[in-house]
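Listed below are the residues making up each chain.
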Amino acid sequence: MSNFSPRLRALLQGHLTHRSTPKLYDHDSSYSRIDLSNTGVEYSIPYNMRTMLDVVPFCHDMSFKNCTLSDESFAILANSSKGQKLQRLKLANVMGLTVASVNALTSFTSLQHLCLWASITEREAVGIQELESLRSLKLAECKQLGDSTLQTLLHHRSGLSLRKSAFLTLTALDISDTKVSDKVFSIIGKSASASKLLTLRMNRCTFTGASAETLVKGCTLLTSLSVAGSAGVTSRFPDAFFQHLPSTLVRLNLYRARGVTEVGAGFIAKRYVVQERERASERERERARAGCARD
Amino acid sequence: MRRYRCPALERLDLGATLISDTSVRALAALKNLQQLDLYGSQVSDETLLAVIRNNPRLEVLGLKYCSILTVDGTLTALRAALHVHTLSLRRAQWRSLELTMFLLALVEAPSGTEPLLPHLRFFEIDEPKQDRHALVDAIFRVRRARPLLDLQLVPNNTWHKPLVHI
């Protein structure tokens, strides 16, 4: 609490039940990050949300892990000047998120990184597709999320034209421990947005050879891939998954992946003859990567 | 023109995949690994040496439950691992005397050579049983000689904590 301003300290000491204190992270002496997780404050009560917004300094990054939010208090956050400047919002294991709350996320005009870990179901997820500037989206442990959500995100159409949707700007996606099936992995691989993904986490999923191949082939710029606890539909993890790993890969998590064969693991480090066509497409990828970096 | 598939790979977690020595040997062709977890793999002494020689920037190495590694082979391989700062040797299928020998190599180097793993900062082994006096003495010596090293004695029933962060 020593870094808090006297007013904030007084307020927080008066209001908190002290399961833990909020943390302010002073990176650039403007408290750009505030962690309100596990504080015991009922942010579902609009008064608490309003008071918190009144006293906390300007920040880019707010975390409400394990909190409870109501529609009304969420609307207060979304419509506040501080809410509109948020670039990162962590709503992990948040109780009380409804369709209205998720729809209100569109008011966070600067939002780029959104974590909804274990917080929403298929019904609420529809609102995510309206977020048009998201860079990273974490839907892990949203156990009710299935194919239709992801399909909607990937093929968000208005009339006949493909509108800009949340997925088109994503560079990081986490769909671990959801109900998303093999069919969607192929769709991700085939979608235009796959080639922009840099980080993909799909822990504890089940692949067929064909979907794994399509997925990995499509994600040509991946630098980080996590498939911990995943498995093939047969007792083997499909070798095709490893055969098409992008050369850009820097981190690979196969922890507890079941049925990784010698052939499959061998592909990770295998030397192969680069064809002229492949070299051309690699030059293309490098140009795209340079474009992404400029963005 | 020949090229490796994932030449930039720096972090690789193969924990609990139960992959064979042949597979790990294939991975020795990688050159840029910095963090590698081989928990539960059937990696042999020779393969470990090959992986370490080919990846001189290796900093994190998980060898938990690598049951066919011998103490001599591991010592030989790790002498080449100059930058390793995090190491797990939990559930090494070694007798108490062998583990004692390994620990003493951390403090006693042959004349004219550096001690084993000069940059080691975190090292975990299983908690020794009560009657292993020589082992307990070796642990004490390591802690006294290398105060910067966090030597963790992990109880047997503790969950595996991944060393490689991805």
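The rules we used
- Residues numbered from 1 in each chain as written.
- Chains lettered and ligands numbered in written order.
- Predicted model: local features only at pLDDT ≥ 70, side-chain atom pairs only at ≥ 80, totals over all residues.
- Buried ≥ 20, exposed ≤ 12 C-beta atoms within 10 Å, placed from the backbone.
- Helix = DSSP H or I, 4+ residues; strand = E, 2+ residues; numbered from the N terminus.
- Contact = placed C-beta atoms within 7 Å.
- Nonpolar A, V, L, I, M, F, W, Y, C, P; charged D, E, K, R; others polar.
- Pairing = 2+ DSSP bridges.
- pLDDT = per-residue confidence, 0-100.
- Axes fitted to C-alpha atoms, helices over the stretch in contact; angles between N-to-C directions.
- Parallel < 35°, antiparallel > 145°, perpendicular 65-115°, else oblique.
- Left-handed = near helix turned anticlockwise from the far one by under 90°.
- Right-handed = clockwise from strand over helix to strand, strands pointing away.

### Things to note about helix H4 (residues 96-105) of chain B
Since the α-helix advances by 3.6 residues per turn, residues separated by three or four positions end up pointing in the same direction. Regarding H4 of chain B, the residues found buried are Leu99, Thr100, Phe102, Leu103 and Ala105 of chain B. Buried residues in H4 of chain B make contact with helix H3 (71-78), strand E6 (122-126) and helix H5 (133-145) of chain B.

### Focus on the interface of chain A and chain B
Bring the parts together and some accessible area is lost; that lost area is often taken as the interface size. With 26 residues of chain A at the contact, the number on the chain B side is 27 residues. Of all the secondary structure elements, the ones that give two or more residues to the side of chain A that touches chain B are strand E12 (224-226), strand E14 (251-253), helix H12 (262-269) and strand E15 (271-273) of chain A. Classifying every residue of the side of chain A that touches chain B gives 15 nonpolar, 6 polar and 5 charged. Alignment of E14 of chain A against strand E2 (residues 11-13) of chain B, held across 3 bridges, turns out to be parallel. By the bridge assignment, Arg251 of chain A is partnered in E2 of chain B with Arg11 of chain B.

### Thoughts on the environment of Leu99 of chain B
Residues and elements named next belong to chain B. In this fold, Leu99 is placed in helix H4. Here Leu99 falls in the buried class, since 21 other C-beta atoms lie within 10 Å of it. Setting aside chain neighbours within four positions, we find Leu99 in contact with Ala92, Trp94, Ile125 and Leu135.

### A look at the confidence of the model for chain A
Summarising the model, chain A shows a mean pLDDT of 80, and 80% of its residues fall at 70 or more. Predicted confidence is poor over residues 157-163 of chain A, with pLDDT under 50, and the contacts of this stretch with residues over four places away or in other chains come to 4 contacts.

### Focus: the packing of helix H9 (residues 182-190) of chain A against helix H10 (residues 209-218) of chain A
All names here are of chain A. Here H9 crosses H10 at 25°, and the two axes come no closer than 7 Å. In terms of their interaxial angle, H9 and H10 are classed as roughly parallel. Our pair here, H9 against H10, has a crossing hand that is left-handed. Seen from H9, the contacting residues are Asp182, Phe185, Ser186, Ile188, Gly189 and Lys190; seen from H10, they are Ala210, Ser211, Ala212, Thr214, Leu215, Lys217 and Gly218. Here the residues of the contact of H9 with H10 are counted per class, giving 5 nonpolar, 5 polar and 3 charged.

### A look at the pairing of E6 of chain B
All names here are of chain B. What you see with E6 is a clean split: Phe123 and Ile125 sit on the buried side and Phe122, Glu124 and Asp126 on the side with no burial. Summarising the sheet, strand E5 (residues 86-88) and E6 pair through 3 bridges and their orientation is parallel. Residue Thr86 lies in a different strand from E6, and its bridge partner there is Phe122. Each parallel crossover has a hand, and for E5 linked through H4 to E6 it is right-handed. Relative to strand E7 (residues 150-154), E6 is paired through 5 bridges, and the arrangement is parallel. By the bridge assignment for E7, Asp126 is matched with Val154.

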